[in-house]
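Listed below are the residues making up each chain.
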Amino acid sequence: MSVTDIQLQENTAHDDHHDDHHEQSFIEKYIFSTDHKTIAKQFLITGIFWAIIGGAFSVIFRLQLGFPDMTLEWLKPILGKWIDEGGKLDQEFYLALVTMHGTIMVFFVLTAGLSGTFSNFLIPLQIGARDMASGFMNMLSYWFFFLSSVIMFISLFLETGPAAGGWTIYPPLSALPQAIQGSAGGMTLWLVSMVFFIASTLLGGINYITTVINMRTEGMSFSRLPLTIWAFFITAVIGLLSFPVLFSAALLLVFDRSLGTSFYLSEIFIGGEALPNIGGSPILYQHLFWFLGHPEVYIVLLPALGITSEIISTNSRKPIFGYRAMIGSMLAIAFLSFIVWAHHMFVSGLNPFLGSIFMFLTLIIAVPSAVKAFNYITTLWKGNIVFTPAMLFSIGLVSFFISGGVTGIFLGNSALDINLHDTYFVVAHFHLVMGSASFFGLLAGVYHWFPKMFGRMMDEKLGYIHFWVTFVGVYLVFFPLHYIGIAGFPRRYYAFTNFDAFSAFTDLNTFVSVAAILTFGAQFIFIFNFFYSMFRGRKAPANPWRSNTLEWTTPRNPGHGNWPGAIPKVYRWPYDYSKPGAEEDFIPQHIPLSQTPESNLEEENELAKTEEVRESKNVEDSH
Amino acid sequence: MFNLIIVVAIVLILAIGYTIFRVTTLVGIAKGDTQKRVTGANKVQAALCVVFLVAGLFGFFYYSFGGLDDSFIQPIASEHGVETDKWFWITMGVTCFVFILTQILLFGFSFKYQYKEGNQAKFYPHNDKLEIVWTAIPAVVLAILVISGWKIWVDITGPAPEESEVIEVYGYQYAFAFRYPGADKQLGDYDYRKIDPINNNQVGIDYSDKAALDDFMGRELHVPKGKPVHLKIRARDVIHSVYQPNFRLQMNAVPGLPTRFWFVPTKTTAEMRAETGNPDFNYELVCNKICGKAHFSMKAIIVVDEPEDYEKWYNEQEALLKQNPGLMAQVPDNLREVAIISADLENNDSNQGVANSESENSSL
Ligand code: HEM
Ligand SMILES: [Cu+2]
Ligand SMILES: [Cu+2]
């Protein structure tokens, strides 16, 4: 997009603001809105909706695992025929629940809910743009996601149930309705839904990338971008490169399911007959899937890490330690995330030589991750820490990132993975490092930017309670799973009663289930706080966290176009907290260096001499 | 009635909770908390960080060192398992050290550097030396772990020794089948179109291959102690996984893609019964890849015998062809004669059949 285009668009945005603003109909303003802030909120609310469903599913199957003898008769009004006469959960429906839980959490909550919300909300506000590069595509991105959600939701009510082959939907299981009911209509809807989801992600991603590259305000060079934006930007690039591969994997699966091709199917005898398919490879699917699947882990994690960087720095009242190292490690992670995918396939029948290669590559990716953890901790060192709920959730995130990250060193080592693959050790690992860490990033972001989203403050005390119950709860749920994983308990098991080796630890499983139910329950404190504060919360001050980034220079309730006047110009990086000599413990990005001679570093004093300070008024005249 | 009471109780609890929430909010406003930059709650959070750290570490050590009812370590029973376990625990040591250290720093700093009126945070944007050091250290440690892991991996996945016992493991919804090569020690060919559940040809043995004629099936997987066992793994319908925690053994069974795994069992079932003090102990083969409704109950028993017992058991088994004469229809005409001999169809004394087919083989 050329510069003139952007300026034109800015102009229109202006005009919108001054003239049409009040004439927007309800539908334009809240439903088919092209305003990035509204779209962000739409993603957030949809994400919360899915999180409740995904969480409720995990509670149901935790009941089954923790209380195998309990009758679930009382769930009959909701689950209907999936509860059998004996009051037991249907075995196949258990798998459907696990599959839907994973799909919902990974894609709908943490990809759409996290990236969709915060990339949309923060990119224009923090880089100083009036909106996304294409508001229309952005709107489309949400509505594709909505459509995808509706389709997935409908699949829950099918006679044969939703997809049930695990969120990774490995064929042949996912290709053959004879093998499992969920692979009938449920799987078809899963695939259709994911196609729309991928379209949504791509539309969003293209927009984020274009916006960050082209629409930064004057002075906002890449080396002055907040780490949040860096994270969203890199995430979008990863998504753009990997989601199309998932699309191709899904497409070939559709062909195999419906058109009789043999991409993934070979030499199968099922339901009393030999299928004609020969020459396909189930391993091909796994390669394609994990080519997205592994980057996907970082697609959900990087935005959370970006949000954390911002929040930890702000609330420690210190610059983030190692800004450049943080960017460097994100870039390294992004690159490496594309060449480690086969570590999910060490025992799949993969050539062992490839296994060796992927083991080496995988352990390299641990290094930049470690650097990030060290940098967070050093940022806290000698800070002056204000524990807002957002700050607590960020600290919690770092804690999970470490606890879950170190177990990756076991799993990435192919020799050790032989015994750990597909056990509860893996469940513990990814729930901590990707599930809980990203989830905490999402919550931290909501607590931190709620004032900007809704112009009101969330209740702090409820936030504290929510944090401690959830934080302790998550550890109580997922830490014990390491032990039973080391003992070899396989995942995706309806019950452990059929094996002598796994008949131990029934108390532990009960304990985990109780903790899971309490943790899930605690989320309603958040939901109450969220909706209550939206309408009745205390009105937010302009810059409640005394933060440096640009979004806090907008009015309390920014309208379409974000800044009523000109967009502020940026003169410094976003982390000038507690700068020696400065009067306050923060200097926002739009304050010119020439106004802060008392705190400037030497090279900044040099810069200040040549700095062209822009008066807002002049700018407005200039276009 | 009971349900009604529960509903009423929940409503009451919610109402009380809401009231408390309103009251504390109003009190907070009255006290002017909303005007202050940092309230007393900040100190409480900092203190809770330390409480969490101490309680968490205590729980971690308590449960890791015997606080659980059962041991979470499955006794090892294979040669490579000893190696992988050694590195498992070395990795555990390294990661636990890092884990504990970083958590202490994380929550310790949070407590120590909590907000204090008048304090100023240290402006400390970077320190190149420090960053290089803590990039290099993990890199070196990880390199050591990877290289040792890689060596073990290469050994485990390398070619099976010549003298291995070759056994076919076959996964299908929802059981495992085991095929032994019979007296000629050669597994015959297979073809999935030959699968014939009625005549018990579960694994699709192709009887046009001479080596197949004496193959026999086992309901349990018998293996000899101390000898390399080479499992050739296949699947019929969907992906399954051949997993046995005591042997630290796992390999997926993939339709259309034969896989393999070899290992040396080191303890007989009887020895394990003595070691674990559990007279009912059995090695259980576990399906560890989601494969459908009854995935959670797909299993088989593995019996590790002393080599002599194994030989004896092996020689007592009857060829599948002998047990299911209906399969003769699948044997091509020119192999019928041979089949009668190698599968010992005429004679009930199977030892003689073995002898025959051995001489048959050596003449080839
Ligand atoms: C209330 C909190 C949660 C609980 C109690 C919970 C529990 C579980 C359990 C018990 C399983 C089944 C493991 C198995 O049998 O394989 C599972 C699977 C899974 N969970 Fe969660 N989980 C929670 C939150 C999350 C979150 C936030 C994520 C986001 C990444 C997540 C992602 C997954 C995935 C990807 C699977 C694998 C699904 C599959 O096997 O196909 N979970 N969860
Ligand atoms: Cu991965
Ligand atoms: Cu199976």
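Predicted, not measured: the structure shown is a model, and the values here were computed from it.

Rules behind the numbers
- Residues numbered from 1 in each chain as written.
- Chains lettered and ligands numbered in written order.
- Predicted model: local features only at pLDDT ≥ 70, side-chain atom pairs only at ≥ 80, totals over all residues.
- Heavy atoms only, no water.
- Donors = N, O, S within 2.8 Å, 3.2 Å for Na, K, Ca; no water.
- Buried < 20%, exposed > 50% of the residue type's maximum accessible area, 1.4 Å probe, protein only.
- Contact = heavy atoms within 4.5 Å.
- Buried area = accessible area lost by both parts, 1.4 Å probe.
- Salt bridge = Lys/Arg side-chain N within 4 Å of Asp/Glu carboxyl O.
- Polar contact = N/O pair within 3.5 Å; in protein donor to acceptor, adjacent residues only side chain to side chain.
- Helix = DSSP H or I, 4+ residues; strand = E, 2+ residues; numbered from the N terminus.
- Tetrahedral: all angles 85-135°; square planar, octahedral: opposite > 155°, others 65-115°.
- Phe/Tyr/Trp six-rings, centres within 6.5 Å; stacked < 30°, edge-to-face > 60°.
- Expected span 1.5 Å × (residues − 1).
- Bend = angle between axes of the 7 residues up to and from the residue.
- Pairing = 2+ DSSP bridges.
- Domains from an automatic or database assignment.
- Nonpolar A, V, L, I, M, F, W, Y, C, P; charged D, E, K, R; others polar.

**Some points on the coordination of the copper ion (ligand 2)**
Consideration 1: The coordination sphere of the copper ion (ligand 2) contains the protein donors His 294 of chain A (ND1), His 343 of chain A (NE2) and His 344 of chain A (NE2), at a distance range of 1.6 to 2.0 Å.
Consideration 2: What makes His 343 of chain A buried here is its relative accessible area of 12%.

**Thoughts on the interface of chain B and chain A**
Consideration 1: Across the contact, 107 residues belong to chain B and 122 residues belong to chain A.
Consideration 2: Summing both partners gives a buried area of about 10,300 Å² for chain B against chain A, and 68% of it is carried by carbon and sulfur.
Consideration 3: Put simply, Asp 422 of chain A and Lys 289 of chain B hold a salt bridge, and the shortest N to O gap is 2.8 Å.
Consideration 4: Summed over the shared surface of chain B and chain A, the number is 33 residue pairs in polar contact (both at pLDDT 80 or more).
Consideration 5: Listed by contribution, the elements that provide at least two residues to the side of chain B that touches chain A are helix H1 (2-31), helix H2 (41-64), helix H3 (79-112), helix H4 (128-157), strand E7 (249-253), strand E8 (259-263) and strand E9 (283-287) of chain B.
Consideration 6: In terms of residue count, the dominant contributor to the side of chain B that touches chain A is H4 of chain B (17 residues).

**Quick word on the coordination of the copper ion (ligand 3)**
All names here are of chain B.
Consideration 1: For the copper ion (ligand 3), the full set of protein donor atoms is His 240 (ND1), Cys 287 (SG), Cys 291 (SG) and Met 298 (SD), at a range of 2.1 to 2.5 Å.
Consideration 2: Coordination at the copper ion (ligand 3) is tetrahedral: its 4 donor atoms span angles of 90 to 121 degrees at the metal.
Consideration 3: Here the donor residues of the copper ion (ligand 3) are spaced in sequence according to H-x46-C-x3-C-x6-M. In this pair, Cys 287 sits in strand E9 while Met 298 sits in the loop between E9 and strand E10 (299-305), placing the two residues 11 residues apart along the sequence.
Consideration 4: We classify Met 298 as buried; its relative accessible area is 0%.

**Observations regarding the packing of aromatic side chains**
Residues and elements named next belong to chain A.
Consideration 1: In the structure shown here, the tally under the stated rule is 110 aromatic pairs over all chains.
Consideration 2: Here the aromatic rings of Phe 467 and Trp 468 are separated by 4.8 Å at their centres, their planes lie at 75 degrees, and the arrangement is edge-to-face. The pair formed by Phe 467 and Trp 468 is uniform in burial state, with each residue classed as buried.
Consideration 3: Ring centres of Phe 489 and Phe 496 lie 4.8 Å apart, and the angle between their planes is 50 degrees; on these two criteria the pair is classed as tilted. Each member of the pair, Phe 489 as well as Phe 496, carries the same accessibility label: buried.

**A short note on helix H9 (residues 282-316) of chain A**
Residues and elements named next belong to chain A.
Consideration 1: Look at H9: 50 Å from first C-alpha to last across 35 residues, which is about the 51 Å you get at 1.5 Å a residue.
Consideration 2: Considering bend angle alone, the principal kink of H9 is centred on Trp 290 and spans about 30 degrees.
Consideration 3: With a side-chain oxygen positioned 3.1 Å from the backbone nitrogen of Ile 283, the residue opening H9 is Ser 281.
Consideration 4: Where H9 terminates, the next one or two residues include Arg 317, which has phi positive at roughly 55 degrees.

**Some points on the environment of Ala 236 of chain A**
All names here are of chain A.
Consideration 1: For Ala 236, the position within the fold is in helix H8 (residues 227-258).
Consideration 2: Residues Ala 236 and Met 434, 198 residues apart in the sequence, show an inter-C-alpha distance of 17 Å.
Consideration 3: Those residues in contact with Ala 236 that lie beyond four places of it in its chain are Gly 205, Tyr 208 and Ile 209.

**Topic: the environment of Leu 65 of chain A**
Residue and element names in this part refer to chain A.
Consideration 1: Relative to the elements of secondary structure, Leu 65 occurs in helix H3 (residues 36-66).
Consideration 2: In this structure the C-alpha to C-alpha distance between Leu 65 and Thr 211, which are 146 residues apart in sequence, comes to 47 Å.
Consideration 3: Non-local contacts of Leu 65, meaning those with residues more than four positions away in its chain, are made with Tyr 94, Tyr 424, Tyr 493, Tyr 494, Phe 496, Asn 509 and Ser 513.

**Focus: the pairing of strand E6 (residues 240-244) of chain B**
Residue and element names in this part refer to chain B.
Consideration 1: The buried fraction of E6 amounts to 5 of the 5 residues, a majority that puts the element mostly inside the structure.
Consideration 2: Where E6 lies against E7, 5 bridges are found, and the strand directions are antiparallel. By the bridge assignment, Tyr 243 is partnered in E7 with Gln 250.
Consideration 3: As paired elements, E6 and E9 share 2 bridges and run antiparallel to each other. If you follow Val 242 over to E9, its bridge partner there is Cys 287.

**A few points about unusual backbone geometry**
Consideration 1: The linkage connecting Pro 171 of chain A with the following residue, Pro 172 of chain A, adopts the cis geometry, with an omega of 5 degrees.
Consideration 2: Here Pro 172 of chain A lies in the loop between helix H6 (135-155) and helix H7 (185-214).
Consideration 3: If you check the backbone angles, Lys 185 of chain B has positive phi at about 60 degrees while not being a glycine.
Consideration 4: Looking at the element boundaries, Lys 185 of chain B is found in the loop between strand E2 (175-180) and strand E3 (216-218).

**Re the domain arrangement of chain B**
Residues and elements named next belong to chain B.
Consideration 1: Domain assignment breaks chain B into domain 1 (1-68), domain 2 (73-115 + 128-157) and domain 3 (165-347).
Consideration 2: Measuring from the centre of the C-alpha atoms in domain 2 to the corresponding centre in domain 3 gives 39 Å.
Consideration 3: Counting residues at the interface gives 14 residues for domain 2 and 16 residues for domain 3.
Consideration 4: Across the interface of domain 2 and domain 3, roughly 1,200 Å² is buried in total on both sides, 48% from carbon and sulfur atoms.
Consideration 5: Its largest share of buried area at the contact with domain 3, domain 2 owes to Pro 75, Ala 77 and His 80, together 41% of the area lost on that side.
Consideration 6: The interface formed by domain 2 and domain 3 contains 1 salt bridge.
Consideration 7: Here domain 2 and domain 3 share 13 residue pairs in polar contact (both at pLDDT 80 or more) between them.
Consideration 8: At 5 residues, the largest contribution of residues to the side of domain 2 that touches domain 3 is made by H3.
Consideration 9: Grouping the amino acids of the side of domain 2 that touches domain 3 by side-chain chemistry returns 5 nonpolar, 6 polar and 3 charged.

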